[in-house]
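# Summary of structural features
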Amino acid sequence: MDINPDAELDTSQVEDIRGSGGGVGGRVAIGGGGVGLVGLLIYFLVAQLGGAGVVPQGLPQAGDLGGVRSGQQVDSDGIRGECRTGRDTAALDCEAVAVINSIQSFWSTQFARSGSKYVPANTRFFNGSVSTACGPATSDTGPFYCPGDRKIYIDLSFYRELQTRFGAQGGLFARSYVLAHEYGHHIQNLIGTSSRVRGNAAGPTSGSVRLELQADCYAGVWANHATQTKSASGKPIIENISRQDVEAGLDTAGRIGDDFIQSQIAGQQVNQSRFTHGSSAQRRKWLTAGLSTGDTKQCNTFAPGVDLG
């Protein structure tokens, strides 16, 4: 997978709060399994890693207004100056800007074709900890989407964690899959799917698992159309997605399945009653469904009688 060196980058879709003092650590309302204390069993920490977390809108702690906290400043001047075209995407943050531009270009077109208007979601880069409309979070939460402020949050060091801790192959497409998955959660929020899942239910057929698998499928749908996405001036953003790229993405999907995390990362026995994101096989299946069809209609993990895999 390559990024077109001539494509101009739209940095207005990204907010950079790295090095600004961060938010506060501690409690965070975690989607799916309902675990919200950093420092519990390792499984419940790493279950959110892998671009799979939705942090639902909950009760903000005292002083948390859901925006940028005191001492936490949005300063995207550096990115604006450094990330101008695809030639700048050797830098990880500029690469992410290009991928985000492509994802949102696709969904904007998709919504327009159905007669709807897409509402963009900004991505915030942070280091260590961050305050959101869903409460404070730390890097241990992994990348996540907060429906309360309609933002995606990511500490870019997560990509290194995927390779060093999870043993994923890595690469541009695998990193793009992580972001595309989070934007899948944004789509679910916009069209009302997220509201169908309430509470902290877990298990292999739970609403939480269905949300995560659908977000994987949506990520695959974007990938199917990625080379057709264009910048504001009409230049292609993404070029040349190869079979090797797809294999790396599927490898990443498999390494963030609940069963892999429980057994290989946490050293526990696999317990399906604790599944909140889906098994490795399920995650690969639904990413593949989106990739192979490019059709959002094939992503209905909530359909009666659907085989989740």
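Here the structure is shown first, and the text comes after it.
Keep in mind that this is a model prediction, so the values were computed, not measured.

Rules used in this analysis
- Residues numbered from 1 in each chain as written.
- Predicted model: local features only at pLDDT ≥ 70, side-chain atom pairs only at ≥ 80, totals over all residues.
- Heavy atoms only, no water.
- Axes fitted to C-alpha atoms, helices over the stretch in contact; angles between N-to-C directions.
- Helix = DSSP H or I, 4+ residues; strand = E, 2+ residues; numbered from the N terminus.
- Parallel < 35°, antiparallel > 145°, perpendicular 65-115°, else oblique.
- Left-handed = near helix turned anticlockwise from the far one by under 90°.
- Contact = heavy atoms within 4.5 Å.
- Nonpolar A, V, L, I, M, F, W, Y, C, P; charged D, E, K, R; others polar.
- Salt bridge = Lys/Arg side-chain N within 4 Å of Asp/Glu carboxyl O.
- Buried < 20%, exposed > 50% of the residue type's maximum accessible area, 1.4 Å probe, protein only.
- Phe/Tyr/Trp six-rings, centres within 6.5 Å; stacked < 30°, edge-to-face > 60°.
- Disulfide = S-S within 2.5 Å.
- Polar contact = N/O pair within 3.5 Å; in protein donor to acceptor, adjacent residues only side chain to side chain.
- Core = buried A, V, L, I, M, F, W, Y, C linked by side-chain atoms within 4.5 Å.

It is worth spelling out the packing of helix α5 (residues 172–191) against helix α7 (residues 243–255) at this point. Axis separation between α5 and α7 bottoms out at 7 Å; the angle between their running directions is 50°. For the element pair α5 / α7, the angle class is oblique. Relative to α7, the crossing made by α5 is right-handed. For the pair α5 and α7, the contacting residues are Phe173, Ala174 and Tyr177 in the first and Asp245, Val246, Ala248, Gly249, Thr252 and Ala253 in the second. Tallied by class, residues from the contact of α5 with α7 come to six nonpolar, two polar and one charged.

Let's shift gears to the pattern of salt bridges. Per the counting criterion, the structure on display carries eleven salt bridges. The salt bridge partner of Arg165 is Glu161, with a shortest N-O separation of 3.0 Å. On the accessibility criterion, Arg165 (34% relative accessible area) is partly exposed. For Glu161, a relative accessible area of 27% corresponds to the partly exposed category. With a closest N to O distance of 2.8 Å, Arg283 and Asp216 form a salt bridge. Pair noted here: Arg283 is in helix α9 (residues 280–293) and Asp216 is in helix α6 (residues 207–225), with a separation of 67 residues, a long-range link. In this pair, the class of Arg283 matches that of Asp216, namely buried. In the salt-bridge network here, residues are joined through shared partners; they are Glu15, Arg124 and Lys151.

The next subject is the side chain of Thr252. Relative to the elements of secondary structure, Thr252 occurs in helix α7. On the basis of relative accessible area, Thr252 is assigned to the buried category, the value being 1%. Discounting residues that sit within four places of it in the chain, Thr252 has contacts with Leu162, Ala168, Ala174 and Tyr177.

Under the criterion given, the structure shown has five aromatic pairs. Taking 5.1 Å as the distance between ring centres and 15° as the angle between the ring planes, the aromatic pair formed by Phe144 and Tyr153 counts as stacked. The pair Phe144 / Tyr153 is uniform in exposure class, with both members buried.

This next bit is on the state of the cysteines. Considering all chains together, one arrives at three disulfides under this definition. The disulfide partner of Cys83 is Cys94, and the S-S distance across this bridge is 2.0 Å. On the sign convention where negative means left-handed, the S-S torsion of about -75° between Cys83 and Cys94 marks this disulfide as left-handed. Remark: Cys94 occurs in helix α3 (residues 92–113) and Cys83 occurs in the loop between α2 (77–82) and α3; sequence separation between them is eleven residues. Owing to a relative accessible area of 1%, Cys83 belongs among the buried residues under this scheme. Judged by its relative accessible area of 1%, Cys94 falls in the buried class. Covalently, Cys217 is tied to Cys299 through a disulfide, its sulfur atoms 2.0 Å apart. A torsion of -70° about the S-S bond marks the disulfide between Cys217 and Cys299 as left-handed. Pair noted here: Cys217 is in helix α6 and Cys299 is in the segment after α9, with a separation of 82 residues, a long-range link. Judged by its relative accessible area of 0%, Cys299 is buried. What links to what in the protein chain: the bonded cysteines, counted in sequence order, pair as 1-2, 3-4, 5-6.

Note that Ser231 resides in the loop between α6 and β9 (238–239). Discounting chain neighbours no more than four positions away, the residues touching Ser231 are Glu8 and Ile237. A polar contact of 3.0 Å, which involves the side chain of Ser231, links it to the side chain of Glu8.

Moving on, we get to the nonpolar core. Counting residues in hydrophobic clusters, the biggest one holds 61 residues, and the most contacted among them are Ile103, Trp107, Leu179 and Trp222. Looking at this core, the elements with two or more residues in it are α3, β8 (151–154), α4 (158–164), α5, α6, α7, α8 (258–265) and α9. Among the elements that make up this core, the one with the highest residue count is α3 (ten residues). The contact partners of Trp222, leaving out residues within four places of it in the chain, are Met1, Val99, Ser102, Ile103, Phe106, Ser176, Ala180 and Thr229. Counting residues in each nonpolar core, the second largest holds nine residues, with Ile17, Phe126, Cys134 and Phe144 among its members.

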